[in-house]
Amino acid sequence: LLETSLKREDELAVRATLAESHLMLGDLAQATSVLGRTPDTIRDPIPPALLSALWRLHGRVAYARGEQSRAIALHGRALKQAEIAHDSRAIGRARYELALCYTRVADTTIVREHIAEAAAALHAAADRRHLALVHNLSGQMLAQSGRYDEANTALRLAERQATALSADDVLSMVCVNQANVALIRHRYDQALVL
């Protein structure tokens, strides 16, 4: 498809979709290759929603490489473009990615703010897959602060949404986090089942 003569905007949309797929498969090299240069090097006008997706994907690549400061900056650009586009799904995804980045630099206040904003935006966009990821992250943060009952509530919500969507990759992350909470509470049989 990329070898055909596409309009620049269509080509970038295809590249974004392919990069997202490669990232989901854990193939950072392929994602980086198909994604190409950052959007600030592109001269053609790009719609804000597509621009947001490109910045977010570059941020995910930086995050995967352990470049936290760069990832935060790139996701910040993604958020700005999503807000310009008034795209709830893009806003929610950018805020979720920012929350992930901030978990690595241990700024829990900012993480909670981004989680709350991401949940609201993704709920408005009816993006249940990413909403499940947000609830999963919320559960992790609550467990780390010793709020185990609240963590379990958030993780059960994530589990229900992931199950309803048959999102097995998300469900596996949720189950691991549920098992971790059970281990912390010395509920070893429950942890083993999970």
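Residues numbered from 1 in each chain as written. Predicted model: local features only at pLDDT ≥ 70, side-chain atom pairs only at ≥ 80, totals over all residues. Heavy atoms only, no water.

S.K.: Provide a residue-level description of the overall build of the protein chain, including the pertinent values.
M.R.: Of regular secondary structure, the protein chain possesses 10 helices and 0 strands. For the protein chain, the N- to C-terminal ordering of α and β elements is α-α-α-α-α-α-α-α-α-α. The globule rule puts the C-alpha radius of gyration for 194 residues at 16 Å, and the 18 Å found for the protein chain is close to it. C-alpha extents for the protein chain along the principal axes are approximately 60 × 30 × 30 Å. The 194 residues of the protein chain split such that 45% are buried. A separation threshold of at least 6 residues defines the contact pool for the protein chain, and within that pool the share at least 24 residues apart is 51%. In the structure as shown, the protein chain presents an accessible area of about 10300 Å², 52% of it carried by carbon and sulfur atoms. Of the charged side chains in the protein chain, 23 are positive and 22 negative, and the gap between their average positions amounts to 2 Å. (Helix = DSSP H or I, 4+ residues; strand = E, 2+ residues; numbered from the N terminus. Rg over C-alpha atoms; globule rule 2.2 N^0.38 Å. Buried < 20%, exposed > 50% of the residue type's maximum accessible area, 1.4 Å probe, protein only. Contact = heavy atoms within 4.5 Å. Areas by Shrake-Rupley, 256 points an atom, 1.4 Å probe, with all protein chains shown as cover. Lys, Arg positive; Asp, Glu negative; His and termini not counted. Charge placed at Lys NZ, Arg CZ, Asp CG, Glu CD.)

S.K.: Let's hear about the packing of helix 6 (residues 108-125) against helix 7 (residues 128-144): which residues, and what values?
M.R.: Following both chains from N to C, one finds helix 6 and helix 7 inclined at 155°, their axes separated by 9 Å at the closest point. Here helix 7 runs roughly antiparallel to helix 6, going by the angle between their axes. Classified by chirality, the crossing of helix 7 by helix 6 is left-handed. Residues Thr 108, Val 111, Ile 115, Ala 118, Ala 119, Leu 122 and His 123 of helix 6 pack against His 130, Leu 131, Val 134, Leu 137, Ser 138 and Met 141 of helix 7. Looking at the contact of helix 6 with helix 7 residue by residue, the class counts come to 9 nonpolar, 4 polar and no charged. (Axes fitted to C-alpha atoms, helices over the stretch in contact; angles between N-to-C directions. Parallel < 35°, antiparallel > 145°, perpendicular 65-115°, else oblique. Left-handed = near helix turned anticlockwise from the far one by under 90°. Nonpolar A, V, L, I, M, F, W, Y, C, P; charged D, E, K, R; others polar.)

S.K.: Tell me about the nonpolar core, and please be specific about residues and values.
M.R.: In this structure, Tyr 96, Ile 115, Val 134 and Val 170 are the most contacted members of the largest nonpolar core, which totals 55 residues. Examining the composition of this core, we find that 9 residues originate from one element, helix 5 (residues 88-104), more than from any other. (Core = buried A, V, L, I, M, F, W, Y, C linked by side-chain atoms within 4.5 Å.)

S.K.: I'd like a rundown of helix 4 (residues 68-85), residues and numbers included.
M.R.: The first and last C-alpha atoms of helix 4 sit 25 Å apart over 18 residues, in line with the 26 Å expected at 1.5 Å per residue. For helix 4, the set of buried residues is Gln 68, Ala 71, Ile 72, Leu 74, His 75, Ala 78, Leu 79, Gln 81 and Ala 82. Those residues of helix 4 that are buried lie in contact with helix 3 (48-64) and helix 5. Count one or two residues on from helix 4 and you reach His 86, which has phi positive near 55°. (Expected span 1.5 Å × (residues − 1).)

S.K.: Residue-level account of the environment of Ala 126, with values.
M.R.: Along the chain, Ala 126 falls in the loop between helix 6 and helix 7. Taking the C-alpha atoms as reference, Ala 126 lies 8.0 Å from Arg 89; in sequence the two are 37 residues apart.

S.K.: Let's hear about unusual backbone geometry: which residues, and what values?
M.R.: Glycine aside, residues mostly have negative phi angles, and peptide bonds mostly take the trans form. Although it is not a glycine, Ala 126 sits at a positive phi angle of roughly 60°. For Ala 126, a relative accessible area of 61% translates into the label exposed.

S.K.: Before we move on, can you summarise the packing of helix 3 against helix 4 with the specific residues and values?
M.R.: Two numbers describe how helix 3 lies on helix 4: the axes approach to 8 Å, and their chain directions differ by 165°. The angle between helix 3 and helix 4 places the two elements in the roughly antiparallel class. For the element pair helix 3 and helix 4, the recorded crossing hand is left-handed. Counted together, Pro 48, Ala 49, Leu 51, Ser 52, Trp 55, Arg 56, His 58, Gly 59, Arg 60, Ala 62 and Tyr 63 of helix 3 and Gln 68, Arg 70, Ala 71, Leu 74, His 75, Arg 77, Ala 78, Gln 81, Ala 82, Ile 84 and Ala 85 of helix 4 form the full contact between these two elements. Per-class residue counts for the contact of helix 3 with helix 4 are 12 nonpolar, 6 polar and 4 charged.

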